[in-house]
Amino acid sequence: MSLDLLELLPAGWRDLMKPHLDLEVVHKLEAFVEAEYAAGPVYPPLPDLFTAFRLCSPEQARVLILGQDPYFKEGQAHGLSFSVRPGVSVPPSLRNVYKELREDLGVTPPSNGDLTPWAADGVLLLNAVLTVRAGKAASHAGRGWEHFTDAAIKALDSLDRRVVFVLWGSYARKKAALVTNSQHRIIEAGHPSPMNPAGFLGSRPFSQVNAALDEAGLPPVHWA
């Protein structure tokens, strides 16, 4: 049976994203992704492909944190940008995110790298590319995922209430052009990777997000 990405996508997201999708591009993406999973291994596991959308419905979503590519080592990627399951070593970029969280809000970081609570609290933890071949970073870039996830950004932009778009690093910051509704807010900074020595630490994104939400009368994210 062929892979049907729109059927796998939660209904609320499917309805919002379809007007922004070229179905020909989606069908080509489906064929590619299905073949890649068949050849394996590909991350995240197929049941985790749309975890970000399942945990954070359009009705809940008030923040987007955009990553680029899933982690490509076994056991890491589980469908949420920057996140890893409990028991998996916290990746370097996420360690810097936690360091900034402590400096910004005084929050003691959790002992694991599982960001599921953020997703459940209205943060869409989305990667621009949703799959990757094991051991090969960016191996699924340029195959249609960007079109698919751009549709999610456009869907959020179409909402009639504020959404805060958090864009870290040059790749993510290019997506600011997709946010055209003046009621939304964009918070930009350098990528949290330790390979980026400046531009993220000290950017105070978490307090900025909550201030932007408060300004619009929306509840804060519980980052703790």
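Residues numbered from 1 in each chain as written. Predicted model: local features only at pLDDT ≥ 70, side-chain atom pairs only at ≥ 80, totals over all residues. Heavy atoms only, no water.

Considerations on the packing of helix α3 (residues 23–39) against helix α7 (residues 145–157)
The packing of two helices is summarised by the inter-axis angle and the distance between the axes. Where α3 meets α7, the axes come as close as 9 Å, and the angle between the chain directions of the two elements is 125 degrees. Taken together, the axis directions place α3 and α7 in an arrangement best described as oblique. The chirality of how α3 crosses α7 is left-handed. Taking contact as the criterion, the partners of V25, V26, L29 and V33 in α3 are, on α7, W145, H147 and F148. Of the residues assigned to the contact of α3 with α7, the class counts are six nonpolar, one polar and no charged. (Axes fitted to C-alpha atoms, helices over the stretch in contact; angles between N-to-C directions. Helix = DSSP H or I, 4+ residues; strand = E, 2+ residues; numbered from the N terminus. Parallel < 35°, antiparallel > 145°, perpendicular 65-115°, else oblique. Left-handed = near helix turned anticlockwise from the far one by under 90°. Contact = heavy atoms within 4.5 Å. Nonpolar A, V, L, I, M, F, W, Y, C, P; charged D, E, K, R; others polar.)

Quick notes on helix α5 (residues 92–105)
Compared with an ideal rise of 1.5 Å per residue, which puts 14 residues at 20 Å, α5 spans 20 Å between its outermost C-alpha atoms and is within 8% of the ideal. Within the span of α5, buried status applies to S93, L94, N96, V97, Y98, E100, L101 and D104. Considering only its buried residues, α5 is in contact with α6 (116–120), β5 (164–168) and α9 (205–215). Directly beyond the C-terminal end of α5, a positive phi value near 70 degrees is found at G106. (Expected span 1.5 Å × (residues − 1). Buried < 20%, exposed > 50% of the residue type's maximum accessible area, 1.4 Å probe, protein only.)

Observations concerning the nonpolar core
Formed by 72 residues in total, the largest nonpolar core has its most connected members in M17, F53, I65, W118, W145 and F148. Broken down by element, this core gets its largest block of residues, seven residues, from α7. Ignoring anything within four residues of it in the chain, the contact list for F53 reads L9, P10, W13, M17, L124, L126, L130 and A152. (Core = buried A, V, L, I, M, F, W, Y, C linked by side-chain atoms within 4.5 Å.)

Quick look at the sheet that holds strand β6 (residues 185–189)
Read across the open sheet, the four strands follow the order β3-β2-β5-β6; overall the sheet is parallel. Two strands close off the open sheet at either side, each with one partner strand: β3 (123–127) and β6. On average, each strand axis in the sheet is tilted by 20 degrees relative to the strand beside it, whichever way the strands run. The sheet strands contacting α7 are β2 (63–67), β3 and β5, and the helix crosses β3 at an angle near 155 degrees. (Pairing = 2+ DSSP bridges.)

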